[in-house]
Amino acid sequence: MNLGALALLATIALVGGEAAADVAADVDADADRAFREATQRAVAGDAGAIAAFEALGAERPVTQWTQHAWAEVARLAERTGDLPRARRALDQVITLGTDQALVERARVAQAGLAAQTAGGQWDAVAVEHDRLVEVIRGGSDPRAALGELEALVRANPRYPRTALARRAIARGWEEEGDRDRAMTWLREDAVADLGLRMHLDLARMLVRDGALDEAEAVVRSASVRPGADVPAFRDVLASIEEAERRRWRRAGLWAVLGLLALGAAGSLRRTTGSWKVAARRFVRPPIEVVFLVPVAVLVIVVAETGNPLVARAVRSIVIAGVLVAWISGTLLDAVRARGSLGIARTAVQAVLAVLAVAITAYLALDRDRVVELLLETWRGGHALR
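Assigned secondary structure in the protein chain consists of 17 helices and zero strands. The buried share of the protein chain, reckoned over its 385 residues, is 37%.

It is worth spelling out the layout of surface pockets at this point. Size it by volume and the largest pocket reaches roughly 570 Å³. Taken together, 25 residues make up the lining of the largest pocket; nearest its centre are L260, A261, V324, I327 and A356. Every element with two or more residues in the lining of the largest pocket is listed here: α12 (230–272), α15 (308–338) and α16 (343–367). If you tally residues by element for the lining of the largest pocket, the top one is α16, at 10 residues. Tallied by class, residues from the lining of the largest pocket come to 16 nonpolar, six polar and three charged.

Attention shifts here to the confidence of the model for the protein chain. In this model, the protein chain carries an average pLDDT of 79, and 83% of its residues clear a pLDDT of 70 or more. The spread of mean pLDDT over the elements of the protein chain runs between helix α1 (residues 3–43), the lowest at 60, and helix α7 (residues 143–155), the highest at 91. Overall, residues 3–24 carries pLDDT values under 50, and its contacts beyond four positions in sequence, including any with other chains, amount to two contacts.

Below, the discussion takes up the environment of A215. Here A215 lies in helix α11 (residues 212–223). Between the C-alpha atom of A215 and that of M205, which follows or precedes it by 10 residues, the distance is 8.1 Å. Sequence-distant contacts of A215, defined by excluding residues within four places in its chain, comprise A203, L206, V207 and I240.

A separate point is the nonpolar core. Among the nonpolar cores identified, the biggest contains 64 residues, and F53, L149, V219 and I240 are the most heavily contacted of them. A total of eight residues in this core trace back to one element, the largest contributor, which is helix α10 (residues 196–209). In contact with L149, not counting residues within four places along its chain, are H129, L132, I136, A165, A168 and I169.

To continue, consider the packing of helix α6 (residues 123–138) against α7. The N-to-C vectors of α6 and α7 enclose an angle of 155°; their axes lie 9 Å apart at closest approach. Comparing their axes, α7 and α6 come out roughly antiparallel. Of the two possible hands of crossing, α6 and α7 adopt the one that is left-handed. Residues V125, E128, H129, R131, L132, V135 and I136 of α6 touch α7, and the partners they reach there are A145, L146, E148, L149 and L152. Here the residues of the contact of α6 with α7 are counted per class, giving eight nonpolar, one polar and three charged.

Here the focus is the packing of helix α8 (residues 162–175) against helix α9 (residues 179–187). Between α8 and α9, the least distance of the axes is 7 Å, while the angle of their chain directions is 165°. Between α8 and α9, the interaxial angle falls into the category roughly antiparallel. Seen along the crossing, α8 lies across α9 with a hand that is left-handed. Counted together, R166, I169, A170, W173 and E174 of α8 and R179, R181, A182, W185 and L186 of α9 form the full contact between these two elements. In the contact of α8 with α9, the residues fall into six nonpolar, no polar and four charged.

Turning our attention to the pattern of salt bridges. Taken as a whole and assessed by the stated rule, the structure comprises 21 salt bridges. Between D46 and R41 there is a salt bridge; the shortest N-O distance is 2.9 Å. Look at R41 and you get partly exposed, because its relative accessible area is 35%. With its nearest N and O atoms 3.9 Å apart, the salt bridge here joins E244 to R247. Here the residue E244 and the residue R247 both occupy positions in helix α12, the gap between them amounting to three residues, near one helical turn. Members of the salt-bridge network, linked through shared partners, are E128, R131 and E148.

What follows deals with helix α3 (residues 66–80). In an α-helix, one turn spans 3.6 residues; hence positions three or four apart end up facing the same way. Between its first and last C-alpha, α3 extends 21 Å over 15 residues, near the 21 Å set by a 1.5 Å rise per residue. For α3, the set of buried residues is T66, Q67, A69, W70, E72, V73, A74, L76 and A77. Note on α3: the residue one or two positions beyond its end, G81, has a positive phi of about 90°.

Applying the stated criterion across every chain yields a total of four aromatic pairs. Aromatic pair F35 and F53: ring centres 5.4 Å apart, planes at 65°, arrangement edge-to-face. Taken together, the residues span a long stretch of sequence, with F35 in helix α1 and F53 in helix α2 (residues 49–58) at a distance of 18 residues. Residues F35 and F53 agree in their burial class; the two are buried. Look at F282 and W326: their rings are 5.9 Å apart centre to centre, the planes differ by 40°, and that puts the pair in the tilted class. Of the two residues, F282 sits in helix α13 (residues 275–283) while W326 sits in helix α15, which places them 44 residues apart along the sequence. Three or more aromatic residues link up through ring pairs in this structure, and these residues are F35, F53 and W65.

Trans is the common state for peptide bonds, and a negative phi is the common state for residues other than glycine. The omega torsion across R60 and P61 is 15°, close enough to zero to call that bond cis. With respect to the helices, strands and loops of the structure, P61 is situated in the loop between α2 and α3.

With that settled, consider α16. Compared with an ideal rise of 1.5 Å per residue, which puts 25 residues at 36 Å, α16 spans 36 Å between its outermost C-alpha atoms and is within 8% of the ideal. Every buried residue belonging to α16 is among Q349, A353, A356, I359, T360, A361, L363, A364 and D366, and all of these are buried.

Parameters at a glance
Residues numbered from 1 in each chain as written. Predicted model: local features only at pLDDT ≥ 70, side-chain atom pairs only at ≥ 80, totals over all residues. Heavy atoms only, no water. Helix = DSSP H or I, 4+ residues; strand = E, 2+ residues; numbered from the N terminus. Buried < 20%, exposed > 50% of the residue type's maximum accessible area, 1.4 Å probe, protein only. 1 Å grid on protein atoms, 1.4 Å probe; cavity = no way out; pocket = protein on both sides within 12 Å on 5 of 7 lines; lining within 4 Å. Points joined across faces, edges and corners; volume = space filled by probe spheres on them. Nonpolar A, V, L, I, M, F, W, Y, C, P; charged D, E, K, R; others polar. pLDDT = per-residue confidence, 0-100. Contact = heavy atoms within 4.5 Å. Core = buried A, V, L, I, M, F, W, Y, C linked by side-chain atoms within 4.5 Å. Axes fitted to C-alpha atoms, helices over the stretch in contact; angles between N-to-C directions. Parallel < 35°, antiparallel > 145°, perpendicular 65-115°, else oblique. Left-handed = near helix turned anticlockwise from the far one by under 90°. Salt bridge = Lys/Arg side-chain N within 4 Å of Asp/Glu carboxyl O. Expected span 1.5 Å × (residues − 1). Phe/Tyr/Trp six-rings, centres within 6.5 Å; stacked < 30°, edge-to-face > 60°.

And the structure:
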């Protein structure tokens, strides 16, 4: 072959290669555009987004976006409860994927679905479980959904995610203020086979309920079982010790409130001259209380529409605030009736009134461990799925 022919062949190969590269670049650009459009539809909540991702995943030739499209199909299908569709999409990611990290995540997700549903046997139960958890998490009154989830667990005792469902039920009822019903789901005989985390949950709930001896017994018995998470059990034991200190702190604060009440009663008796006159004066509410009571009632009513534990704490704090205002106002009126009211007396009484309200607020919030429970819920979610 002469040099001219070789040159011609080289030119043809170069042009063909450039043309193929241009075609591949166009295909990638089209796939990139389609993926972005489908993503925008998914973000907007368009139900057709999943079909758009499927169409992109089915296009040939395979592009860098094929595996990502199938991964999005799996994610959206699982979110909507279409678990067979999710499994098929994960199979495509594993078969077609070139990104090993993405393929590995797909294998993990596939194994997770298999564990949750036994390869599809429990699809319907799993979907209903997730739906009810979402309702419990986002509903203003989750009690109906909690009842449905209880019935679902009772009807399907061999469901692979029974432990998670029980923990969700227990947490839900505790947040609704029904701790006895919550503990039922962690104390039943069936719980013994559902793992150590159930025992930890029970121990933590017992600590919040003040049953510290029982909580320690649960921790001690479970911590010797094979596979026990020693640090986790140590944390629970530490919380029991803290609860003991909190119990003494609460007793001390109640004693302080008692002393403040006795001091106020004695001061009113000395100011009025007799217990009979003091009682008559106390029965008549001060003017500030007359204006405060409607506001207090409104706050309590609004609080009752929310979380029961928070509502109970708000109710205690508001009632205590009104009572302190009543006592303080009665004392000031009695002193004023006998003469001028000194600045020092007013300042001291104001400080004591604020102290009484602050102590009551702490006791109300600490009673049901409201702050701790809400923080734990915020960190870990309302219920486990």
